[in-house]
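# Coordinate inspection notes
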Amino acid sequence: MEKPILYYWAPCPTCSVLTHFAEEHGIELDKRDVEQEAPYQELLELGGNADLIPYL
């Protein structure tokens, strides 16, 4: 099974809670920081909104 893709923003407190929870419970995520242009564009193409992250 492929790892779920998580679009997040490093300074986001909600994203931090989610990533710490995943780490504590051994959940592997393909994390993509929307502060970088490529992940940001991917998120937009999926219909996501960078203002509503984390986006799994």
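Residues numbered from 1 in each chain as written. Predicted model: local features only at pLDDT ≥ 70, side-chain atom pairs only at ≥ 80, totals over all residues. Heavy atoms only, no water.

### Section: the pattern of salt bridges
Under the counting rule described, the total for this entry stands at 3 salt bridges. Residue D30 pairs with R32 through a salt bridge whose shortest N-O separation is 2.8 Å. Of the charged contacts, one joins R32 and E42 as a salt bridge, the two residues approaching to 2.5 Å between their closest N and O atoms. Highlighted residues: R32 in strand 2 (residues 30-33) and E42 in helix 2 (residues 37-45), separated in sequence by 10 residues. The network of salt bridges with common partners includes D30, R32 and E42. (Salt bridge = Lys/Arg side-chain N within 4 Å of Asp/Glu carboxyl O. Helix = DSSP H or I, 4+ residues; strand = E, 2+ residues; numbered from the N terminus.)

### Topic: helix 1 (residues 13-24)
End to end, helix 1 covers 17 Å across 12 residues, agreeing with the expected 16 Å (1.5 Å per residue, within 8%). For helix 1, the complete set of buried residues consists of C15, T19 and A22. Viewed along the axis of helix 1, the buried residues span an arc of 60 degrees, placing them on a single side of the element. Set apart from the buried face of helix 1 by more than 90 degrees, the exposed residues are P13, V17 and E24. Elements in contact with the buried residues of helix 1: strand 1 (5-8) and strand 2. (Expected span 1.5 Å × (residues − 1). Buried < 20%, exposed > 50% of the residue type's maximum accessible area, 1.4 Å probe, protein only. Arc of directions from axis to C-beta. Contact = heavy atoms within 4.5 Å.)

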